[in-house]
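Coordinate analysis (summary)
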Amino acid sequence: ALHLIDLDRFKDVNDGYGHPAGDELLVAIAERLRKRLRREDLLVRLGGDEFVILQEDLPETGTAAMLARMVIDTLSDPFSISGGRELYIGASIGIAIFPEDGEDGTTLLRNADAALYQAKGQGRNMFHYYTSSLTIAAAEKLRLEGRMRRALELDQFLVYYQPQISLLGGGIIGAEALIRWIDPEKGSVSPGDFIPAAEECGLIGAIGDRVLEASIKQMRHWMDDGIHLEKLAINISPRQFRLYDVPERIADLLHRYNVPADRIELEI
């Protein structure tokens, strides 16, 4: 089994305490791991904050999970470095098994890296085995990102409005803005398929901003036409707050289109 180990939050150590502290931590990590491994296991620092363990003579593939769990637990205890400082570090691990996941070092490393990415996506301090579906999913994700970028340029994202009906009077009292993507290649693409991908690659900022402006502008049109809606609900991704100043942007749009703030409801 080839274990590709990536240290979580190692950049924070370099940024907070300097590279000498980071180097000292790397040495301490290597020494701690070496003491826990069998003599026949190979431990290598691949570069940066990545290590590789080559675990030979596995009785079964499940044994690799036991080692990965041991590594994560071993690195969870604090490290003491010079200056009396205590550092906490975590690890994410991708596992590729020979020969099922590759018959040469390059293939095994690539597949272990795909598994590592999956482990990080599950919340870090995790391990994940490689499966061929991971590679397929990664390639599809890249293609999807390219199509989304073209969709933004060609204005293929549309906003539909789902009416909210009063159970008492039966009239329309509000609406919810719903984004839809009409892709020339695939037709209508479900938000459940493209929103997570947009969040991951950072496109959610541009897409979400389109929805915000289109929705507030539509509310202005309804008001001008004498259509009174108590609320227009707009979905906001939490990741939009990391990409730009959401409150400032919303305030600007409300002012530009002269829409009262209490007519807009944000759903996170």
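For the structure itself, consult the block above.
So, a few notes on the structure that sits alongside this text. (Residues numbered from 1 in each chain as written. Predicted model: local features only at pLDDT ≥ 70, side-chain atom pairs only at ≥ 80, totals over all residues. Heavy atoms only, no water.)

What to know about the pattern of salt bridges
Opposite charge on two side chains permits pairing when their charged atoms draw close. According to the stated counting rule, one finds 18 salt bridges in the structure shown. Between D8 and K120 there is a salt bridge whose closest N-O contact spans 3.2 Å. Here D8, found in strand β1 (residues 2-8), pairs with K120, found in helix α4 (residues 105-121); they are 112 residues apart in sequence, far enough to count as distant. Classification of D8 by relative accessible area gives buried; the value is 1%. You can call K120 partly exposed: its relative accessible area is 22%. The partner of R38 in a salt bridge is D41, and the shortest N-O contact between them spans 2.8 Å. What makes R38 partly exposed here is its relative accessible area of 34%. In the salt-bridge network here, residues are joined through shared partners; they are D209, E213, R249, D252 and R256. (Salt bridge = Lys/Arg side-chain N within 4 Å of Asp/Glu carboxyl O. Helix = DSSP H or I, 4+ residues; strand = E, 2+ residues; numbered from the N terminus. Buried < 20%, exposed > 50% of the residue type's maximum accessible area, 1.4 Å probe, protein only.)

Focus: the packing of helix α7 (residues 204-224) against helix α9 (residues 246-257)
Viewed as axis vectors pointing N to C, α7 and α9 meet at an angle of 30°, and their least axial separation amounts to 10 Å. Of the possible angle classes, the one that applies to α7 and α9 is roughly parallel. Crossing of α7 over α9 shows right-handed handedness. When α7 is examined against α9, the residues D209, L212, E213, I216, K217 and R220 are found in contact with a partner set consisting of R249, I250, L253, L254, R256 and Y257. Split into classes, the residues belonging to the contact of α7 with α9 amount to six nonpolar, no polar and six charged. (Axes fitted to C-alpha atoms, helices over the stretch in contact; angles between N-to-C directions. Parallel < 35°, antiparallel > 145°, perpendicular 65-115°, else oblique. Left-handed = near helix turned anticlockwise from the far one by under 90°. Contact = heavy atoms within 4.5 Å. Nonpolar A, V, L, I, M, F, W, Y, C, P; charged D, E, K, R; others polar.)

So, the packing of aromatic side chains
The final tally for this structure, using the stated rule, is five aromatic pairs. With centroids separated by 5.6 Å and ring planes inclined at 90°, the aromatic side chains of W181 and F194 adopt a geometry described as edge-to-face. Of this pair, W181 sits in strand β9 (residues 172-183) while F194 sits in helix α6 (residues 191-201), placing them 13 residues apart in sequence. Comparing W181 with F194 shows no difference in burial state: the two are buried. Chaining the aromatic ring pairs together yields one cluster made of F157, W181 and F194. If you follow R32 out to its NZ or CZ, it ends over the ring of F79, 3.6 Å from the centre. (Phe/Tyr/Trp six-rings, centres within 6.5 Å; stacked < 30°, edge-to-face > 60°. Lys NZ or Arg CZ within 6 Å of the ring centre and 35° of its normal.)

Quick word on the sheet that holds strand β7 (residues 127-129)
Here we have five strands laid out as an open sheet, ordered β2-β3-β1-β6-β7, and mixed in their pairing. Each having just a single partner strand, β2 (42-47) and β7 make up the two edges of the open sheet. Neighbour-to-neighbour, the strand axes of this sheet turn through a mean angle of 20°, independent of strand direction. In this structure, strand β6 (residues 90-96) lies alongside β7, joined through three bridges in parallel fashion. Directly across from I95, in β7, lies its bridge partner Y129. (Pairing = 2+ DSSP bridges.)

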